[in-house]
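One-letter residues, chain by chain:
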Amino acid sequence: MNVVVCLKQVPDTETVIKIAEDGKTIVTDDIKWVMNPYDEFAVEEGLRIKEAHGGEVTVVSVGPKRVTEALRTALAMGADKAVLVEDESLYWTDPMIFARILAKVVEPMNPDIILFGQRAVDDDCGIVGSAVAELLGLPQLSVVTKLEISDGKVTVHRPVEGQTLVISSSMPVVVTAGKGLNEPRYASLPGIMKAKKKPLDVKTVDELGVELSPTMEITALSPPPERAPGKKIEGETPEELAANLAKALHEEAKVI
Amino acid sequence: MAGVWIIAEHRDGAFRKITFEVASAGRKVADELGTELVAVVLGNGMKDACAELGKYGVDKVLYADGEVFEPYTTDAYSSAIASLAKDRSPDVILMGASMQGKDLGGRLAAKLGVGIAVDCTKLEVADGKLVPTRPIYAGKVYATVALHHTPQIASLRPNVFDVVEKQGAAEIEEVSPEVGEVKTKVEEIIKEEGGKIDLTEAEIIVSGGRGMKNAENFKILEELAEVLGAAVGASRAAVDAGWRPHGDQVGQTGKVVTPNLYIACGISGAIQHLAGMGSSKLIVAINKDPDAPIHSKADYSVVADLFQVVPAFTEECKKIKASQ
């Protein structure tokens, strides 16, 4: 089984996001960069597919040189090799551009399955997986929490509002990982040592010949809408607090 | 004037609420652009239901009938809508940022070679163009987005845009779009027990964190949720401890929710949780620690032991419900 996992490096979820002076990008000075949490599920699933069916796991990413760290993490978890399309300008960009680049890199690898995290927790778009699937003419299975491969067919569980869909697909296929798909392993110390020697191929956008004109651009960033200051519910006993809260929600806020 | 399109979503022969939210928002955009509002309905035997969309401002329905459209598949929907859009060149295409819309949007945009703004919370029109705003970093900042190509595609976060009812019935035109090869198959639909409300669509959420101490204690939140018709959510701490399933997690690495009322019980308010629920219309925090960050986000703070207050509050809610 030839498995490709596409991943992104994002600010750690504990990061306080500050708007930069240009009003349309963020301050990146003090950010701790990590592998996108959903991509950890994708890497883990890729490794489990290899363990069950044999084959090879290649991890691919796009972005500045620092993204190498996220790829090394995936190699330390057990991936066999990595490819980075390195470009300092490719962080704050249109996901459709990422998709064009990834499709170009992945296509000649002839993968049986291409895994993504269901969305990156920075731009929250969640469209790169389906755009790559479209560009390569492959079916897509998004936000899956269970995956099985047998007889050249992939079957997944996909929870939607109030239901879980069991969907099957031919291969090759693009799958995006949801939380609950698996419990990602930690990189072991020997794994980290080995990762240093695994192949990490660096490519440039120029050599791939990808068109970089955006379909979408962020024109302004603003802080979240301010909330009015809150009220403390008073009361001597739990019963009194509960009664006063119920009264506030029923009579003042009219939400219950 | 080629129109504003909305992609209707339906289940078991009925339109879902998100369809009415998107129609209502689409009506406003169509009015500002001075064009018509068109709903695209792909279904199997849904034709008679289509007229209802007129009530939410839809002028015209493009209805395509076929077994291939029920249940939804990415391939059938994206190829049919792309084929219609290529023929008729809409200015704007809107859909819900529901699980279906999130699956469809990127695929459709890539098929048409255009951009998409996902999970928008505000739509404006300037210089004859749609200008969407969407939360990023799970709501830590909001981004205003320019979509450079036509059609401009956006998906709308559930529970944010008001449903506006009007007089009127929609004209229905039957269409037969091209449907490409469908490579996936829905083998089975497993319904969740008791018709559980999904967090992203719930009007009220009762949520528990590390302060719940164990899985059994969530029973008191379930009892409150039952009385209020609410969904039960959880913080990452509670999910990682194995007390609640992954699907219940609210936050940057879980679900981003916008209920009318969010009741946080025993949740300290880590930044990644606050990001996921911070745009709830009303927030109640019940936490005995007065310094917990959740209190600073709350509209109503109760500084007390949740194990005493929540059951008493459930009783109060029962009284209110009984009197209604």
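Counting from 1, residues in each chain are numbered in the order their sequence is written. Both sets of labels track the order of writing: A upward for chains, 1 upward for ligands. The predicted origin of the model limits local features to residues at a pLDDT of at least 70 and limits the giving and counting of side-chain atom pairs to 80 or more, whereas totals for whole chains, interfaces and linings rest on all residues. Remark: hydrogens and water are excluded; side-chain values derive from all non-hydrogen atoms of the structure.

(A) Here's a closer look at the pattern of salt bridges. We define a salt bridge as a contact between a side-chain nitrogen of Lys or Arg and a carboxyl oxygen of Asp or Glu at a distance within 4 Å. Counted according to the given criterion, the structure contains 39 salt bridges over all chains. For Glu161 of chain A, the salt bridge goes to Arg16 of chain B, with nearest N and O atoms at 3.8 Å. In this pair, Glu161 of chain A sits in the loop between strand 9 (153-160) and strand 10 (163-170) while Arg16 of chain B sits in the loop between strand 3 (14-15) and helix 1 (17-33), so the two residues belong to two different chains. Under the scheme applied here, a residue whose accessible area is under 20% of the maximum for its type counts as buried, over 50% as exposed, and between as partly exposed, the area being computed with a 1.4 Å probe on protein chains only. For Glu161 of chain A, a relative accessible area of 4% gives the class buried. Secondary structure elements follow DSSP: runs of H or I of four or more residues count as helices, runs of E of two or more count as strands, with numbering from the N terminus.

(B) Main features of the interface of chain B and chain A. For this analysis, residues touch if any pair of their heavy atoms sits within 4.5 Å. Facing 87 residues of chain B, the contacting portion of chain A comprises 81 residues. A 1.4 Å probe defines the accessible area here, and the buried area is the portion of it lost by two parts on being joined, summed over both. Both sides together, the interface formed by chain B and chain A hides about 7,000 Å², and carbon and sulfur atoms give 57% of it. Of all residues in chain B, the largest losses of buried area upon contact with chain A belong to Met99, Tyr137 and Tyr300 of chain B, amounting jointly to 11% of the total for that side. Here Lys179 of chain A ties to Asp240 of chain B by a salt bridge, and the two come within 3.6 Å at their closest N and O atoms. Between N or O atoms, a polar contact is any pair within 3.5 Å; within protein, one atom must be a potential hydrogen donor and the other a potential acceptor, and residues adjacent in sequence are included only when both atoms are from side chains. Counting every contact that joins chain B to chain A gives 44 residue pairs in polar contact (both at pLDDT 80 or more). Take the side of chain B that touches chain A: its biggest share by element is nine residues, from helix 3 (residues 99-112) of chain B. Grouping the amino acids of the side of chain B that touches chain A by side-chain chemistry returns 38 nonpolar, 25 polar and 24 charged. Nonpolar residues are Ala, Val, Leu, Ile, Met, Phe, Trp, Tyr, Cys and Pro. Charged residues are Asp, Glu, Lys and Arg, and all others, Gly as well, are polar.

(C) Local environment of empty space enclosed by the protein. A 1.4 Å probe that fits but cannot get out identifies a cavity on a 1 Å grid over protein atoms alone, an open set with protein on both sides within 12 Å along at least five of seven lines counts as a pocket, and a residue lines either if it has an atom within 4 Å of a point. Grid points are joined across faces, edges and corners, and a volume is the space filled by probe spheres set on the points. As enumerated under the stated definition, the model contains two cavities of 30 Å³ or more in all. Quantified by volume, the largest cavity comes out at close to 90 Å³. Forming the boundary of the largest cavity are Gln140, Leu141, Ser142, Arg158, Leu165 and Ile167 of chain A together with Tyr72, Thr73, Thr74, Asp103, Thr184 and Val186 of chain B. Listing elements by their share of the lining of the largest cavity, those giving two or more residues are strand 7 (140-144) and strand 10 of chain A together with strand 13 (184-191) of chain B. Per element, the largest residue contribution to the lining of the largest cavity is three residues, and it comes from strand 7 of chain A. Residue composition of the lining of the largest cavity, by class: five nonpolar, five polar and two charged. Contributing to the lining of the second largest cavity are Ile7, Ala8, Glu9, Met95, Gly96, Gln100, Gly101 and Leu104 of chain B. Listed by contribution, the elements that provide at least two residues to the lining of the second largest cavity are strand 6 (92-96) and helix 3 of chain B. The greatest single-element share of the lining of the second largest cavity, amounting to three residues, is contributed by helix 3 of chain B.

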